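Here is how the chains run, residue by residue.
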Amino acid sequence: MTWDVILTGLFGGAGATLLWELVLKPMRERRGIAEVLSAEVSMNLQLLGAASTLANPRKIPPDFRLSTAVFESITDKVGELPPQLVAEVVFLYHYFTELNEQPKAYVDCVKEIRGYDSGSQNCQSAEREILAQVAVFNQYVQKAITRINLVQPLLLKAAFPWWSPRRWRRRPAVLLKMEELQQRMAKSLREREALAAEVARRQTPNPG
C-alpha cells in the first residue's frame with residue numbers, strides 16, 4: 001500500500017494532496033538532500049584523511065581534488081535543510097573550494113620558480129610563497145576534517161531522523177579513524193617500495 005492511498009483514506013483526496021505537498025513531500029526531499037550530501041562529505045573525508053597522513057611541509061599534491069559535484073547540482077535546494085545546517089554546509093564547502101584551488105596555485109608557483117636563477121631574489125621570494133601555500137593547504141586540510149566531524153552528524157540526523165523507519169534499515173555510519181588510515185597508507189607505501197625494489201633488482205644486469 002502506497003502513501004497516497006493511505007493519505008487519501010485518512011484525509012480524503014483534497015486533504016491528502018495538501019498534506020503531501022505542504023508537509024510530507026518537503027520532508028522527504030529534505031532527507032534526500034541531506035543523504036546525498038552526507039555521501040559526498042564522507043568521500044571527501046577519506047581524501048582529506050589521506051592528505052593529512054601524507055602531509056608534506058614543502059609540497060602540495062598536484063592531483064588533489066575534493067568532490068563538490070553533488071553540492072553544485074543541488075545548490076538551489078540546500079536552503080530546504082534546517083537553517084543551522086544550511087550555514088554549516090555552505091561553510092564546509094567553502095573549505096572544499098579553497099582546498100581545490102590550492103594545487104593549481106602551487107603548480108603555477110613551481111613553474112614560476114623554474115624560470116629564475118637558483119639563489120636569486122626572485123627565486124627566494126617564490127620559494128617563500130610556495131612554503132606559505134603549502135602551510136595554508138595543510139592547515140585547511142585539518143580544519144576541513146574538524147568541520148566534517150561537526151557537520152556530518154547533523155547531515156545524518158537530517159537524512160535519518162529518529163522517527164524514520166529508514167534509520168533502522170540503513171547501514172551504521174563508519175567513522176574515519178585516523179590511526180587505521182595511517183596504518184593502511186603505511187602498508188600501501190611499504191608494498192609499493194618493495195615492488196619498486198623488486199623491479200629494480202630484476203632490471204639490474206647479473207654479473208654472472
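Once a new chain begins, its residue numbering starts again from 1 and follows that chain's sequence as written. With pLDDT at 70 or above as the cut-off, local features in this predicted model cover only qualifying residues; side-chain atom pairs require 80 or more to be listed or tallied, and sums for whole chains, interfaces and linings still use all residues. For side-chain calculations, the full set of non-hydrogen atoms in the structure is used, while hydrogens and water are omitted.

1. What about the nonpolar core?
Definition of nonpolar core: a set of buried residues of the types Ala, Val, Leu, Ile, Met, Phe, Trp, Tyr and Cys, connected through side-chain atoms within 4.5 Å. Note on classification: 1.4 Å probe, protein chains only; a residue is buried when its accessible area is under 20% of the maximum for its type, exposed when over 50%, partly exposed between these limits. Within the largest apolar cluster, 41 residues are counted, with the highest numbers of intra-cluster contacts made by Leu-37, Leu-48, Leu-81, Val-89, Phe-96, Leu-99 and Leu-155. Every element with two or more residues in this core is listed here: helix H1 (3-53), helix H3 (83-113) and helix H4 (121-159). Helix and strand definitions here come from DSSP, where helices need a minimum of 4 consecutive H or I residues and strands a minimum of 2 consecutive E residues; each element is numbered from the N-terminal end. It is H4 that provides the largest number of residues to this core, a total of 14 residues. Residues count as neighbours in contact if any of their non-hydrogen atoms are within 4.5 Å of one another. In contact with Phe-96, not counting residues within four places along its chain, are Val-41, Asn-44, Leu-48, Leu-66, Ser-67, Thr-68, Ala-144 and Ile-148.

2. Considerations on the packing of aromatic side chains
When two rings of Phe, Tyr or Trp (its six-membered ring) have centres within 6.5 Å they constitute a pair, described as stacked for plane angles under 30 degrees, edge-to-face for angles over 60, and tilted for the intermediate range. Evaluation of the coordinates by the stated rule reveals five aromatic pairs. On the numbers, 4.3 Å between centres and 15° between planes, the contact of Phe-71 with Tyr-93 is stacked. With a gap of 22 residues between them, Phe-71 in helix H2 (residues 69-73) and Tyr-93 in helix H3 connect regions that are remote in the sequence. For Phe-71, a relative accessible area of 15% translates into the label buried. Ring plane angle 45° and centroid distance 5.2 Å describe the contact between Phe-91 and Tyr-95, whose orientation is recorded as tilted. One end of the pair, Phe-91, and the other, Tyr-95, are both in helix H3, four residues apart, so they sit about a helical turn from each other. Each residue in the set Phe-71, Tyr-93 and Phe-96 is aromatic and connected to the rest through ring pairs, giving one cluster.

3. Observations concerning the side chain of Asn-138
Checked against the element boundaries, Asn-138 lands in helix H4. Discounting chain neighbours no more than four positions away, the residues touching Asn-138 are Ala-55, Asn-56 and Pro-57.

4. Thoughts on the packing of H3 against H4
Note on geometry: axes are lines fitted to C-alpha atoms, helical ones only across the stretch in contact, with angles between N-to-C directions running from 0 to 180 degrees. It is the contact of H3 with H4, at a shortest axis distance of 8 Å, that shows an interaxial angle of 160°. In terms of orientation, H3 and H4 fall into the roughly antiparallel class. Where H3 crosses over H4, the two elements pack in a sense that is left-handed. Tallied by class, residues from the contact of H3 with H4 come to 26 nonpolar, two polar and six charged. Geometric relationships in this document are graded by angle, where less than 35 degrees denotes roughly parallel, more than 145 denotes roughly antiparallel, 65 to 115 denotes roughly perpendicular, and other angles denote oblique. For any pair of crossing helices, the crossing counts as left-handed if the nearer helix is rotated counterclockwise from the farther one by less than a right angle, and right-handed if it is rotated clockwise. Think of it as three bins: nonpolar holds Ala, Val, Leu, Ile, Met, Phe, Trp, Tyr, Cys and Pro, charged holds Asp, Glu, Lys and Arg, and polar takes everything else, Gly as well.

5. Focus on the confidence of the model for the protein
A residue's pLDDT is the predictor's confidence in that residue, given on a scale from 0 to 100. On average, residues of the protein score 78 in pLDDT, and 65% of them reach the 70 mark or higher. Taken element by element, the predicted model of the protein shows its lowest mean pLDDT in helix H5 (residues 166-169) (50) and its highest in H2 (94). Below a pLDDT of 50 lies the segment residues 6-12, which in the model reaches 10 contacts outside its immediate sequence neighbourhood of four places, other chains included. For residues 14-25, every residue scores under 50 in pLDDT, and the model assigns this stretch 13 contacts once sequence neighbours within four places are set aside.

6. Focus: the pattern of salt bridges
A pair is scored as a salt bridge if a Lys or Arg side-chain nitrogen falls within 4 Å of a carboxyl oxygen belonging to Asp or Glu. One pass over the full model with this rule turns up two salt bridges. In this structure, Lys-104 and Asp-108 form a salt bridge, with 3.2 Å as the shortest nitrogen-oxygen distance. With Lys-104 and Asp-108 both in helix H3 and four residues apart, this pair spans about one turn of that helix. According to the relative accessible area criterion, Asp-108 is partly exposed, its value standing at 36%.

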